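Take a look at the letters that make up each chain.
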Amino acid sequence: MALRPVQLNIKAVDGLAVGRFWAEALGWHLFRPGVTTYVGPTAELVWPDPVAVGIDVVPVPEPKTATKNRVHLDLATTSAAHQAELVARLKALGATPVDVGQGDVPFTVLADPEGNEFCVLEPREIHRDTGPVAVIVVDCADPRAMARFWGEALDWPLHEVNDDHALFRSPKGVGPYLEFLRTPDVKTVPDRLHLDLLPYPGDDKEAEVARLRALGATDLDLGQGDVPWTCLTDPEGHEFCVLALH
């Protein structure tokens, strides 16, 4: 038994506007299947996508309050010219440069229209086949501990782990990487972005949730009420949800 990341959940005051931004930013397509705004790579809604981790924008009344999100996206580029063109295009779409203490680095840090940080990376060989999203990055205190928990939680193999980061990727060898990056920041508010996980067909969702609890996950009450998904936190308090197959 194992779970797969199928979408990145983003909370937004104006879910449609943020969804439109990310659809344009990634060259993906926007769908309104219900109250949320889903962004995925195919012209017709395919969920879960077999390769990409989609984006599901959920409307909330509260604006972002954290100085810096603990989850963000890194976008891939193929050349210096592509990086410069993408940064210019994203600014035209409403992205703004932000300083998160990155200093003199080869990548560019921007924020979407509601202040969610993301990076436009310089070309890197490792990201040549990821698609527009190179990495989903999660700040953490202990990458090795995150590697142990998430290595058991997911079916994504661990590619690399050291004191600074833990790196996962789909067993298909395509799509984005998932990186747990050691940072000195301390989590103070609920994450604005979080992963949604899905069991495989034939697997039992409640059994998967029980397995995660045994690994160190904790139940999370966000006032969600009676819903078909289960909200949990990992051992460092990062929120995530286990979804039900339709």
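Our structure is the block above this text.
Please read these numbers as outputs of a predicted model, since none were measured by experiment. Just so you know, the residues in each chain are numbered from 1, in the order the chain's sequence is written. Only residues with pLDDT of at least 70 are given local features in this predicted model, and only at 80 or more are side-chain atom pairs given and counted; all residues enter the totals for whole chains, interfaces and linings. Hydrogens and water molecules were not included; the side-chain quantities draw on all heavy atoms of the structure.

(A) Representation of the packing of aromatic side chains. Side-chain rings of Phe, Tyr and Trp (the six-membered ring for Trp) are treated as a pair once their centres are within 6.5 Å; stacked means planes under 30 degrees apart, edge-to-face means over 60, and tilted covers the remaining angles. Overall, the coordinates contain 8 aromatic pairs when judged by the stated rule. Between W22 and F118, the aromatic rings sit 5.0 Å apart at their centres with planes inclined by 65 degrees, giving edge-to-face as the arrangement. Pair noted here: W22 is in helix 1 (residues 15-26) and F118 is in strand 8 (residues 117-120), with a separation of 96 residues, a long-range link. Accessibility classification places W22 together with F118 in one group, the buried group. Relative to F180, the ring of F168 lies with its centre 6.2 Å away and its plane at 85 degrees, an arrangement referred to as edge-to-face. Taken as a pair, F168 in strand 11 (residues 165-169) and F180 in strand 12 (residues 177-182) lie far apart in primary sequence, 12 residues in all. Here F168 and F180 have matching classes, each one buried. Working definition: helices are DSSP H or I runs of at least four residues, strands are E runs of at least two. Numbering for both runs from the N terminus. In this scheme, a residue with accessible area under 20% of its type's maximum is buried, one over 50% is exposed, and one in between is partly exposed, where area comes from a 1.4 Å probe on protein chains only.

(B) Structural context of the environment of R32. Position of R32 relative to the elements: it lies in the loop between strand 2 (29-31) and strand 3 (37-40). For the pair R32 and A153, spaced 121 residues apart in the sequence, the C-alpha separation amounts to 30 Å. A contact between two residues is defined here by any heavy atoms of the two lying within 4.5 Å. When neighbours within four sequence positions are excluded, R32 is seen to be in contact with L16 and T37.

(C) Summary view of the sheet that holds strand 4 (residues 54-59). Spatially, 2-3-4-1-13-16-15-14 is the arrangement adopted by the 8 strands of the open sheet, whose pairing is mixed. Each having just a single partner strand, strand 2 and strand 14 (218-219) make up the two edges of the open sheet. Here the axes come from fitting lines to C-alpha atoms, over the contacting stretch only for helices, and the angles between their N-to-C directions go from 0 to 180 degrees. This element, helix 1, spans strand 1 (3-12), strand 2, strand 3 and strand 4 of the sheet and lies at about 5 degrees to strand 3. The pairing criterion is simple: DSSP has to find at least two bridges between the two strands.

Interpretation note: all reported values are geometric properties and have no functional meaning in isolation.
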